[in-house]
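Spelled out, the chains give:
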Amino acid sequence: NAGVTQTPKFQVLKTGQSMTLQCAQDMNHNSMYWYRQDPGMGLRLIYYSASEGTTDKGEVPNGYNVSRLNKREFSLRLESAAPSQTSVYFCASSEVRTGYGYTFGSGTRLTVV
Amino acid sequence: AQTVTQSQPEMSVQEAETVTLSCTYDTSENNYYLFWYKQPPSRQMILVIRQEAYKQQNATENRFSVNFQKAAKSFSLKISDSQLGDTAMYFCAFSSHGQNFVFGPGTRLSVLP
């Protein structure tokens with residue numbers, strides 16, 4: 001089925017460890033996004049890529065890096081995980097940065113202990 | 001910067017009844033888009049309904065409809081004939097051309113048997 005695929009679905013890290021969240025879409029969308037979801041705060045944008053070859057910071061970029069590997073793939077890296085990064089992470093894609101809505105992946109629940 | 005407010009953190013409704021979820025937003029834009037997303041316990045984000053600000057007619061999708069009041073910057077979601085499967089978090093979101101989405105904090109809806 002067409003859509004956005006995120007891996008892994010669950011992850012537990014120790015403080016200071018690093019990891020990369022993978023995201024791939026097969027809808028030929030230009031724009032891709034990484035959000036984190038915390039209780040009572042909705043979804044907050046970490047980084048986005050408006051088109052292949054470009055990345056930009058969102059609302060909460062500190063502690064994260066991203067790579068737009070190609071048009072399909074957009075990864076999120078935590079270099080040194082902290083308990084404050086415990087959250088649910090969503091990748092999303094859209095055809096353009098406008099009014100057609102995002103397609104979301106199924107999310108990654110990350111716990112940093 | 002645009003903001004989205006959902007003033008009802010939690011709501012409940014009896015099965016088969018009607019419920020309205022509130023959303024207000026703040027923007028200086030004239031052309032923009034508004035969305036309601038549903039997040040069931042599976043965690044998947046599902047687009048429920050979309051409204052274009054330049055269209056005066058309220059959007060409807062089966063049992064879901066919106067009351068869009070542009071002057072009041074209000075965008076409420078009405079769910080008719082509520083079903084147990086409607087139990088979920090509901091997020092209101094705003095987007096304008098060339099800008100990323102802004103999400104509200106969410107409303108947790110419980111449909112009671």
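Refer to the preceding data block for the structure.
Just so it is clear, the structure is predicted and the values come from calculations on it, not from any experiment.

**Some thoughts on the overall build of chain A**
For chain A, the helix and strand inventory stands at 0 helices and 11 strands. Listed by position from the N terminus, the elements making up chain A come as β-β-β-β-β-β-β-β-β-β-β. Its C-alpha radius of gyration of 13 Å places chain A within 12% of the 13 Å reference for a compact globule of 113 residues. Expressed as a percentage of its 113 residues, the buried residues of chain A come to 50%.

**Quick notes on the pattern of salt bridges**
All told, the structure shown has 7 salt bridges over all chains when counted by the stated rule. A salt bridge links Asp38 of chain A to Arg44 of chain A, with the nearest nitrogen and oxygen atoms 2.8 Å apart. For the pair Asp38 of chain A and Arg44 of chain A, a shared accessibility class is recorded, and that class is buried. For the salt bridge of Asp26 of chain B with Lys73 of chain B, the shortest nitrogen-to-oxygen distance reads 3.8 Å. Here Asp26 of chain B is found in strand β4 (residues 24–26), whereas its partner Lys73 of chain B is found in the loop between β8 (64–69) and β9 (74–79), with 47 residues between them in sequence. Here the salt bridges share partners, and the residues they tie into one network are Arg36, Asp38 and Arg44 of chain A.

**Describing the pairing of β8 of chain B**
Residues and elements named next belong to chain B. Where strand β7 (residues 60–61) lies against β8, 2 bridges are found, and the strand directions are antiparallel. Residue pairing across strands places Thr60 opposite Ser65, the latter belonging to β8. Counting the residues that bridge the hairpin from β7 to β8 gives 2 residues, and of these Asn62 lies at a positive phi of roughly 55 degrees. For β8 and β9, the ladder comprises 6 bridges, and the chain directions are antiparallel.

**Description of the interface of chain B and chain A**
Every contact between the two is made by 19 residues of chain B and, on the other side, 25 residues of chain A. Buried area between chain B and chain A, summed over both chains or domains, comes out near 1700 Å², and the portion from carbon and sulfur atoms is 49%. Three residues stand out in chain B for area buried against chain A, namely Arg43, Asn100 and Phe103 of chain B, and they jointly supply 38% of the buried area on that side. At the junction of chain B and chain A, the tally comes to 0 salt bridges. Joining chain B to chain A, the criterion identifies 7 residue pairs in polar contact (both at pLDDT 80 or more). If you list the elements that add at least two residues to the side of chain B that touches chain A, you get β5 (32–39) and β10 (88–96) of chain B. With 4 residues, β5 of chain B is the largest single contributor of residues to the side of chain B that touches chain A. Split into classes, the residues belonging to the side of chain B that touches chain A amount to 8 nonpolar, 9 polar and 2 charged.

**Re the state of the cysteines**
Residues and elements named next belong to chain A. Taken as a whole, this structure holds 2 disulfides over all chains when the rule is applied. In this model, Cys23 is linked to Cys91 through a disulfide, with the two sulfur atoms separated by 1.8 Å. Its S-S torsion of approximately -75 degrees makes the covalent link between Cys23 and Cys91 left-handed. Of this pair, Cys23 sits in strand β3 (residues 19–25) while Cys91 sits in strand β9 (residues 87–94); the two residues are 68 residues apart in sequence, bridging distant segments of the chain.

**Some details on the nonpolar core**
Counting 25 residues, the largest nonpolar core has Tyr25, Trp36, Phe75, Leu77 and Tyr90 of chain B as the members making the most contacts within it. Among the elements that make up this core, the one with the highest residue count is β10 of chain B (4 residues). Counting residues in each nonpolar core, the second largest holds 20 residues, with Leu13, Met19, Ile46 and Val112 of chain A among its members.

**Here's the deal with the packing of aromatic side chains**
Enumeration over the complete set of coordinates arrives at 21 aromatic pairs over all chains. Centroid distance Phe90 of chain A to Phe104 of chain A: 6.1 Å. Interplanar angle 90 degrees. Geometry classified as edge-to-face. With Phe90 of chain A in strand β9 and Phe104 of chain A in strand β10 (residues 103–104), this residue pair connects regions lying 14 residues apart in the sequence. The residues Phe90 of chain A and Phe104 of chain A share a single accessibility class, namely buried. These aromatic residues form a ring-pair network of at least three members: Tyr33, Tyr35, Phe90, Tyr102 and Phe104 of chain A together with Phe35, Tyr37, Phe101 and Phe103 of chain B. The side chain of Arg43 of chain B reaches across the aromatic face of Phe10 of chain A, ending 5.2 Å from its centre.

Rules used throughout
Residues numbered from 1 in each chain as written. Chains lettered and ligands numbered in written order. Predicted model: local features only at pLDDT ≥ 70, side-chain atom pairs only at ≥ 80, totals over all residues. Heavy atoms only, no water. Helix = DSSP H or I, 4+ residues; strand = E, 2+ residues; numbered from the N terminus. Rg over C-alpha atoms; globule rule 2.2 N^0.38 Å. Buried < 20%, exposed > 50% of the residue type's maximum accessible area, 1.4 Å probe, protein only. Salt bridge = Lys/Arg side-chain N within 4 Å of Asp/Glu carboxyl O. Pairing = 2+ DSSP bridges. Contact = heavy atoms within 4.5 Å. Buried area = accessible area lost by both parts, 1.4 Å probe. Polar contact = N/O pair within 3.5 Å; in protein donor to acceptor, adjacent residues only side chain to side chain. Nonpolar A, V, L, I, M, F, W, Y, C, P; charged D, E, K, R; others polar. Disulfide = S-S within 2.5 Å. Core = buried A, V, L, I, M, F, W, Y, C linked by side-chain atoms within 4.5 Å. Phe/Tyr/Trp six-rings, centres within 6.5 Å; stacked < 30°, edge-to-face > 60°. Lys NZ or Arg CZ within 6 Å of the ring centre and 35° of its normal.

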